[in-house]
Amino acid sequence: MSRFVNLYAAESFSPEEADILRRYFTNLDQPVFALVNLPEVVKGALFARYSRSMSSLRRLFLDEFVDDLDISGDVTIDATVGLRRAEALYDRVFFDYGDDSVAQLGGVHLACEQASNVLTKVLERGRLMAYLEQSTRYIAYDQRLGGRYRYYRDYEVLNSPLGTRYVGDIDRMFAAYARVVPVMQEFFRDNTPKTPGDSDFAYRQAVKARALDSARGLLPAASLSNVGIYGNGQSYEALLLRMRSMRLPEAQHYAELMLAELRKVIPSFLKRVDLPDRGELASNYQSDNRDAMDAAADAVFGDAVGGPVGDDSVELVDYDPDGEIKMIAAMLYPHTSLSERTIESRVAAMSADERLAVVRAYCGDRQNRRHRPGRALERVCYRFDVLSDYGAFRDLQRHRMLTIDWQPLSTRHGYVRPAAVDAAEQDQAFDEVMARSARLYEALYAEFGDRACYAVSLAYRIRYSMQLNARAAMHMLELRTTPQGHPAYRRVCQKMHRLIAEQAGHAAVAEMMSFVDHDDDSALGRLDAERRAARLRSVRSHPAEAVSAHSPPSTVRE
């Protein structure tokens, strides 16, 4: 494991800072660590702030949180030595008797820092965990970490004949990003002037977000990110088994780092992970199956596995033509004493207006997108095949209440160049980075296979499938089409909504999703959100003046 040590930029803390940190973090010098001895609300707030800060979590805690906490009673605590408590009961129930439900009762906040944008997708795959990831939309990636641009450096690649080229090419990609971002900021300032009612801060944030949106496609998938995770023991066990089965050395190494830190907090729940007849056997099963399916796909498709270069696409590949009838029957079911078959037969005989009346009654008066109807919407499902840029995929992949699978990241599907980049006359600089990314990918792929994905810029397309029920679709499509959303995933979700209404013919389902926004991308889509945030800050700072100057917070439509 020592070969990985020099890949991380360890942070320095003063003796006074270290004395505070060791009470709440399980180590002070590794990129993976658990949070302990803090109120749950503090850990949640830390992770929320984490996603929009360049700082590490430990530095963020020192700079913005510790002064608001009473830590005087924690002087004797040292989280860095782990929690050594008697766990005989857990051992007997969980380990000896194999009662997995016990492992659902212990949760941990875990920080995974300096993880590549390839690894973040691995970390965020589990359904029953919560994640916050450092955002490329709010943080400029031109700042260096330990004197170097922030990207993953694979040990074997660095020590190969391609090592110097890998570093040189990706450094140039980051340098191009650093040059394009200020140009895009100037472009958006020139084309969308500040209005008298906007605060300087809200306007600057909106301009910055759109500039970073336009430039983020230049970044390689090797770009480093910080991820905050909250999950229970069972979820962490599943995640670690999956990571240990993967070909990526980065994933395997992080699995060991995570296991070491988690065992300081919930050791009994993770005893099986590296036992030869338990965890190792399970990881080998996953690895063997993946190899077998690679061979099967190659035997069936051969060179066609990669697919052709194409434009963005969203296809509705599977749905139930009778889905709305079944959904309406599910809406009525809890309110009768009849069998489902009887209810479904009656619904099938109803007129379109009668069915729509039931749907509208069930949906009710939704005041904002957080008012969601019940589980009857889970009766109807859709499966989409999507080809979009990797940046959009990264955001959509984090939705957990659905089934998502994706193909290997490569340069074979071409890339997406934002219209704003053309308008700002940065198209040539953008295309040069894409060409460099493609050449480096091809060179790496011949030698390192899957690890070549680190060289792929976020603007390149990836193909993935998403299967979800109407309730999950309502949440995702309404959230991801808001004006402040990234244009790339807004287009994907707008198309999904249209396909549900038009191809599936589920007009009633589409109508319930009343907060899906089909407006064209505005010049500063983030500005409305920044205006709302400014109003809320004003309410907190000057409640009396804010109430008289603005509409009450309850009238703000989210």
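Everything numeric in this text was worked out from a predicted model, so none of it was measured.

(A) Structural detail: the overall build of the protein. Broken down by element type, the protein carries 22 helices and eight strands. Counting only residues that meet the buried cut, the protein has 50% of its 558 residues in that class. Pairs at least 24 residues apart make up 78% of the contacts formed inside the protein by residues separated by at least 6 positions. Carbon and sulfur atoms make up 50% of the accessible area of the protein, which amounts to about 25,900 Å² in all.

(B) Spatial organisation of the sheet that holds strand β3 (residues 130–133). Spatially, β1-β2-β4-β3 is the arrangement adopted by the four strands of the open sheet, whose pairing is antiparallel. Because the sheet does not close on itself, it has two edges, and the strands there are β1 (32–35) and β3. Averaged over all pairs of adjacent strands, the angle between strand axes in this sheet comes to 20 degrees, irrespective of strand direction. Examined bridge by bridge, strand β2 (residues 107–116) and strand β4 (residues 224–232) share eight bridges and lie antiparallel to one another. Looking across to β4, one finds that Ser116 is bridged to Leu224. Against the sheet, helix α10 (residues 249–262) makes contact with β1 and β2, and its axis sits at roughly 150 degrees relative to β2, the strand it touches most.

(C) Looking closely at the sheet that holds strand β5 (residues 313–319). What the four strands build is an open sheet, ordered β5-β6-β8-β7; its pairing is antiparallel. Each of the sheet's edge strands pairs with one partner strand only, and the pair in question is β5 and β7 (403–406). Each neighbouring strand pair of the sheet contributes to a mean axis angle of 15 degrees, computed without reference to strand direction. The pairing of strand β6 (residues 381–389) with strand β8 (residues 461–469) spans nine bridges and is antiparallel. Across the sheet, residue Tyr382 finds its bridge partner in β8, namely Leu468. Each of β6 and β8 touches helix α18 (residues 470–479); the most contacted strand, β8, lies at about 130 degrees to it. Relative to β6, helix α19 (residues 487–502) is tilted by about 150 degrees, and along the sheet it contacts β5, β6 and β8.

(D) Representation of the packing of aromatic side chains within the structure. This structure, assessed with the given rule, holds 17 aromatic pairs. Ring centres of Phe25 and Phe61 lie 5.4 Å apart, and the angle between their planes is 75 degrees; this geometry places the pair in the edge-to-face category. Linking Phe25 in the loop between α1 (15–21) and β1 with Phe61 in helix α3 (residues 57–64), this pair joins segments that are 36 residues apart in sequence. The pair formed by Phe25 and Phe61 is uniform in burial state, with each residue classed as buried.

(E) Structural detail: the pairing of β3. In β3, alternate side chains face the same way, and those of Tyr131 and Glu133 are buried while those of Ala130 and Leu132 on the opposite face are not. Alignment of β3 against β4, held across four bridges, turns out to be antiparallel. Across the sheet, residue Leu132 finds its bridge partner in β4, namely Gly228.

(F) Up close: the pattern of salt bridges. Per the counting criterion, the structure on display carries 36 salt bridges. Among the salt bridges present, the one from Arg263 reaches Asp274, with a minimum N-O distance of 2.8 Å. Of this pair, Arg263 sits in the loop between α10 and α11 (279–301) while Asp274 is found in the loop between α10 and α11, placing the two residues 11 residues apart along the sequence. Here the salt bridges do not stand alone but share partners, grouping Lys121, Glu124, Glu133, Arg216, Arg394, Asp395 and Arg398 into one network.

(G) Inspection of the confidence of the model for the protein at higher detail. Per-residue confidence for the protein averages 87 on the pLDDT scale, and 87% of its residues sit at or above 70. Here residues 544–558 is modelled with pLDDT under 50, and outside its nearest four sequence neighbours on either side it reaches 11 contacts, counting other chains as well.

(H) Local environment of the side chain of Arg398. With respect to the element layout, Arg398 can be found in the loop between α15 (390–396) and β7. A polar contact is formed between the side chain of Arg398 and the side chain of Glu133, at a distance of 3.1 Å. Apart from the residues within four sequence positions on either side, Arg398 is in contact with Lys121, Glu124, Glu133 and Arg480.

(I) Quick look at α10. Between its terminal C-alpha atoms α10 stretches 20 Å, which fits the 20 Å expected from 14 residues at 1.5 Å a residue. Of all the 14 residues making up α10, 11 are buried; the element is thus mostly covered by neighbouring parts of the structure.

(J) Focus on unusual backbone geometry. With a phi angle near 55 degrees, Gln114 is a residue other than glycine that sits in the positive phi range. By the secondary structure assignment, Gln114 is in strand β2. The buried category is assigned to Gln114, whose relative accessible area is 11%. The residue Glu425 is not glycine, and still its phi comes out positive at about 60 degrees. By the element assignment, Glu425 lies in the loop between α16 (419–423) and α17 (427–448). Classification of Glu425 by relative accessible area gives exposed; the value is 67%.

(K) Quick look at the environment of Ile77. Mapped onto the elements, Ile77 comes out in the loop between α3 and α4 (88–96). Owing to a relative accessible area of 26%, Ile77 belongs among the partly exposed residues under this scheme. Distance in space between the C-alpha atoms of Ile77 and Asp19 is 9.8 Å, their sequence separation being 58 residues. Ile77 has contacts with Arg22, Arg23 and Asn37, leaving out every residue within four places of it along the chain.

(L) Highlighting α3. The element α3 is extensively covered by neighbouring structure, given that six of its eight residues are classed as buried. Within the span of α3, buried status applies to Leu57, Arg58, Arg59, Leu60, Phe61 and Leu62. Buried positions along α3 lie against α1, β1, α2 (40–50) and β2.

Reading the values: the criteria
Residues numbered from 1 in each chain as written. Predicted model: local features only at pLDDT ≥ 70, side-chain atom pairs only at ≥ 80, totals over all residues. Heavy atoms only, no water. Helix = DSSP H or I, 4+ residues; strand = E, 2+ residues; numbered from the N terminus. Buried < 20%, exposed > 50% of the residue type's maximum accessible area, 1.4 Å probe, protein only. Contact = heavy atoms within 4.5 Å. Areas by Shrake-Rupley, 256 points an atom, 1.4 Å probe, with all protein chains shown as cover. Pairing = 2+ DSSP bridges. Axes fitted to C-alpha atoms, helices over the stretch in contact; angles between N-to-C directions. Phe/Tyr/Trp six-rings, centres within 6.5 Å; stacked < 30°, edge-to-face > 60°. Salt bridge = Lys/Arg side-chain N within 4 Å of Asp/Glu carboxyl O. pLDDT = per-residue confidence, 0-100. Polar contact = N/O pair within 3.5 Å; in protein donor to acceptor, adjacent residues only side chain to side chain. Expected span 1.5 Å × (residues − 1).

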